Amino acid sequence: MKRKNEANDKLDISSLSDEELENKIVNINSKQLSIIQEISYYFLFSSVGEISKLIKTDNFLNQLKIEDEKEIIFESYDIIINSFKKIHEKLSDEQIEHNIDLLIHIRKKLYHLSNSMTGYLTELSYMKELLDYHVMKILNKKHSKNHKISKKDVIFFINKVRRVLDISKNDYNSFVNLVSNILSIIPFRMSKYKYFDIIKTTLVRNCNNYETNLAKNKIEEYKMIFDSTLIGDYGIIFDDYFTKVQRIKNINFKNKNLDELNLIDEDIVNLSIKMHEINLFISNLGIIINRLLVLYLTKNRIDFTIDINDCFMKWKQYEEDMKDELLESITKTFEIEIKNGEKKLLEQMEFFDAISKEGANRKGFFSNDLNDLIIYTGKVLTYYNDKNFTKDELLFSEECEVVEEVYLYQLIDSLIQYINRSISSMNNVERKIRMRRLLSVIELPFKNIEEFLSYIEYSLDEKVTNIEDIVFAMNKINDWLDKYMER
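Residues numbered from 1 in each chain as written. Predicted model: local features only at pLDDT ≥ 70, side-chain atom pairs only at ≥ 80, totals over all residues. Heavy atoms only, no water.

### Some details on the nonpolar core
Consideration 1: In this structure, Tyr195, Phe238, Tyr241 and Ile456 are the most contacted members of the largest nonpolar core, which totals 152 residues.
Consideration 2: Among the elements that line this core, the one with the most residues is helix 10 (residues 258-298), at 18 residues.
Consideration 3: Ignoring anything within four residues of it in the chain, the contact list for Phe238 reads Leu64, Ile66, Glu69, Leu113, Met117, Tyr120 and Ile282. (Core = buried A, V, L, I, M, F, W, Y, C linked by side-chain atoms within 4.5 Å. Buried < 20%, exposed > 50% of the residue type's maximum accessible area, 1.4 Å probe, protein only. Helix = DSSP H or I, 4+ residues; strand = E, 2+ residues; numbered from the N terminus. Contact = heavy atoms within 4.5 Å.)

### Some thoughts on a negative patch on the surface
Consideration 1: Taken together, the side chains of Glu50, Glu320, Asp321, Asp324, Glu325 and Glu328 make up a negatively charged region of the molecular surface.
Consideration 2: When residues of the negative patch are traced back to their parent elements, those giving at least two are helix 11 (308-321) and helix 12 (324-360).
Consideration 3: Examining the composition of the negative patch, we find that 3 residues originate from one element, helix 12, more than from any other. (Patch = residues over 30% accessible without salt bridge, like charges linked within 9 Å, V, L, I, M, F, W, Y side chains within 5 Å. Areas by Shrake-Rupley, 256 points an atom, 1.4 Å probe, with all protein chains shown as cover. Salt bridge = Lys/Arg side-chain N within 4 Å of Asp/Glu carboxyl O. Lys, Arg positive; Asp, Glu negative; His and termini not counted. Charge placed at Lys NZ, Arg CZ, Asp CG, Glu CD.)

### Here's the deal with the pattern of salt bridges
Close approach of charged atoms allows side chains of opposite charge to pair.
Consideration 1: Tallied over the entire structure, the rule returns 23 salt bridges.
Consideration 2: Of the charged contacts in the structure, one is a salt bridge between Glu123 and Lys249, with a shortest N-O distance of 2.9 Å. Highlighted residues: Glu123 in helix 4 (residues 93-143) and Lys249 in helix 9 (residues 239-249), separated in sequence by 126 residues.
Consideration 3: For Glu123, a relative accessible area of 0% puts it in the buried group.
Consideration 4: The exposure class assigned to Lys249 is partly exposed, which follows from its relative accessible area of 21%.
Consideration 5: For Arg162, the salt bridge identified is with Glu450, shortest N-O distance 2.6 Å. Here Arg162, found in helix 5 (residues 151-168), pairs with Glu450, found in helix 17 (residues 449-459); they are 288 residues apart in sequence, far enough to count as distant.
Consideration 6: Residue class for Arg162 comes out partly exposed when judged on its relative accessible area of 34%.
Consideration 7: For Glu450, a relative accessible area of 43% translates into the label partly exposed.
Consideration 8: One salt-bridge network, held together by shared partners, links Glu123, Lys249, Glu430 and Arg434.

### As for the packing of helix 10 against helix 13 (residues 368-385)
Consideration 1: In contact at an axis separation of 8 Å, helix 10 and helix 13 are set at 155 degrees when each is read in the N-to-C sense. As summarised for this structure, helix 10 and helix 13 are arranged roughly antiparallel, according to the angle between their axes. Considering the relative orientation of helix 10 and helix 13, their crossing is left-handed. Packed against helix 10, whose contacting residues are Asn290, Arg291, Leu293, Val294, Leu297 and Thr298, the element helix 13 presents Tyr376, Lys379, Val380, Tyr383 and Tyr384 at the interface. (Axes fitted to C-alpha atoms, helices over the stretch in contact; angles between N-to-C directions. Parallel < 35°, antiparallel > 145°, perpendicular 65-115°, else oblique. Left-handed = near helix turned anticlockwise from the far one by under 90°.)

### A closer look at unusual backbone geometry
Consideration 1: Of note in the backbone geometry, Leu444 takes a positive phi value of approximately 50 degrees without being a glycine.
Consideration 2: A positive phi angle, close to 75 degrees, is found at Phe446, a residue other than glycine.
Consideration 3: The topology assignment puts Phe446 in the loop between helix 16 (428-441) and helix 17.

### Concerning the packing of aromatic side chains
Consideration 1: Overall, the coordinates contain 17 aromatic pairs when judged by the stated rule.
Consideration 2: Note on Tyr111 and Phe389: the rings are 5.8 Å apart at their centroids and 80 degrees apart in plane angle, and the pair reads as edge-to-face. Taken together, the residues Tyr111 in helix 4 and Phe389 in the loop between helix 13 and helix 14 (392-395) connect sequence positions 278 residues apart.
Consideration 3: Relative accessible area serves as the criterion here: at 21%, Tyr111 is assigned to the partly exposed category.
Consideration 4: Aromatic pair Trp480 and Tyr484: ring centres 5.8 Å apart, planes at 20 degrees, arrangement stacked. With Trp480 and Tyr484 both in helix 18 (residues 467-486) and 4 residues apart, this pair spans about one turn of that helix.
Consideration 5: Residue classification places Tyr484 among the buried residues on the basis of a relative accessible area of 15%.
Consideration 6: Of the aromatic side chains, those joined through ring pairs into one cluster are Tyr41, Phe84, Phe304, Phe312 and Trp315.
Consideration 7: Above the face of the Phe43 ring, Arg291 is positioned so that its terminal group lies 4.6 Å from the ring centre.
Consideration 8: Here the basic side chain of Arg301 rests over the ring of Tyr376, its NZ or CZ set 3.5 Å away from the ring centre. (Phe/Tyr/Trp six-rings, centres within 6.5 Å; stacked < 30°, edge-to-face > 60°. Lys NZ or Arg CZ within 6 Å of the ring centre and 35° of its normal.)

What follows is the structure, given as C-alpha cells:
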C-alpha cells in the first residue's frame, strides 16, 4: 500500500503545471522554515537557561585564569542573552542584519578559542597514550615473562578479526569503526616510506570527489591530529593550559616508576576533564549562536506559530529566581515538542526533495526569485544542521567544484612534509604512537582486507615486536572484539 501511495505522489507531482509546482515549492519551503524556527526557539529556551545557570549560579568560568579568553566568553554570553531577548521585539531589517553580523563575528571568535583548546587536548591525549605505554611495559614485564605466543595463536587471532570484519561488511560505519579501533591498538610496525605511501594512496582515494575547500580542511584536520603544536595560535591562546600541558610533555616517563606514573596519570586525567568541560561549554555557545542565527534569518519572513511572548515571560521568571524545577519542567515539555517537530521536518524535507527534483527536470523552471528562495533556505538549514560547531568558512564555501587532482596531490604532499618535519624531533616511541593514531583515524587505509590482515600479522611477529607488546595488543583487541560481538 505504501509503495502505491508513493507512486501516486510522484504521478501527482509530474502532472502539476509549472505554476502549481512553484506554489507547492514555496508552500513546503515556508512549512519547513516554520518548523525549523519553532524547534530552534524551544532549543534556545532551555539552552540559554542552562548557560545562565552555569555562569550565574555555578560560577563555571571561575576556573579560567586567562582574562582575555574569559572576556571573549563573557562577551559571547552577553551577546547571546541580548540577542535572545531582542528576538521577542519588533526589529527592522537593518537591525536584524546588524544582529546577524554581530552573531557571526562572535561565533568566529569562539571557534578560534575552541580550535586552540582542541589542540591542547590533542597533545594531552598523546601524553596519556605515551604514559599508558610505559605503564604497560612495566606491568607486562612482570606478568608475561614466561608467556609464549605461537604462530598458531596469531593465525587464530587473525581469523577471528577476519570473521568479525566479514560479519560487519554490510554495515559501512561499523566496518570502518572496526578497522580504526584495531589500528589504534595494534603495535605500529611500518617503515616511514611505506607509511607515507599508504597515507597518500588512501587520501587520494578518499578525497578525490571532495569539494576543494572540504579537501583542504580535511588535510588541515589531519595535520592537527598528528601534531597540534605547529598549528596557528598554539601556545598563545589559553596560555595557562599550554603551560600545564607543556609541563607534562617535558616529563621523561621512561625514568618513572609505576607509582609515579599513576600520579602523573591522575594529573593528566583531571586536567583533561577540566579542558574538555571548557571546550564543550565554548562549543555549546557556538551551537546556541547557530540557532539564534536561524531565528534572525527567519524573523520578519516567517511568523511564529507559537506564543513566544508567553514563553519569554516564563524565561524571565527563571532568570530572576534561577529555580531548577521551573527550567526542568519547561525543558521536558519542549523536548517532546522538539521530537515532534523533527518528525514533521523529516516528512516535509522528503516531499520538498521530491518536488525540487521534479522542478530541476523541467527546463528553465527555476526563476531568479525561486533560486534565491532555495539559497536562503539552504543558509538557514546550514546553521540549523551544524551541531558540531563547524568553521564558518567551511559552512559557506564558495569553492563548490570538485578538487582538481593536481591540487589534491599538493595538499597531501604538504601533509606528508608536515609529518616528516614533525617526527624529526620525536623519540621512537612517540613517533610510532602519533603515526599509528593518524593511520587509525583515516578512513580505511590499505588497499583491501588482505593487505590489512597481512599488516596485523607482521605487527604481531616476535621478530619485529616485543612479546609484551604483542600480548597486550592481542588481549586488548580480543576483549574489544568480544564486546563488539555481544552488542
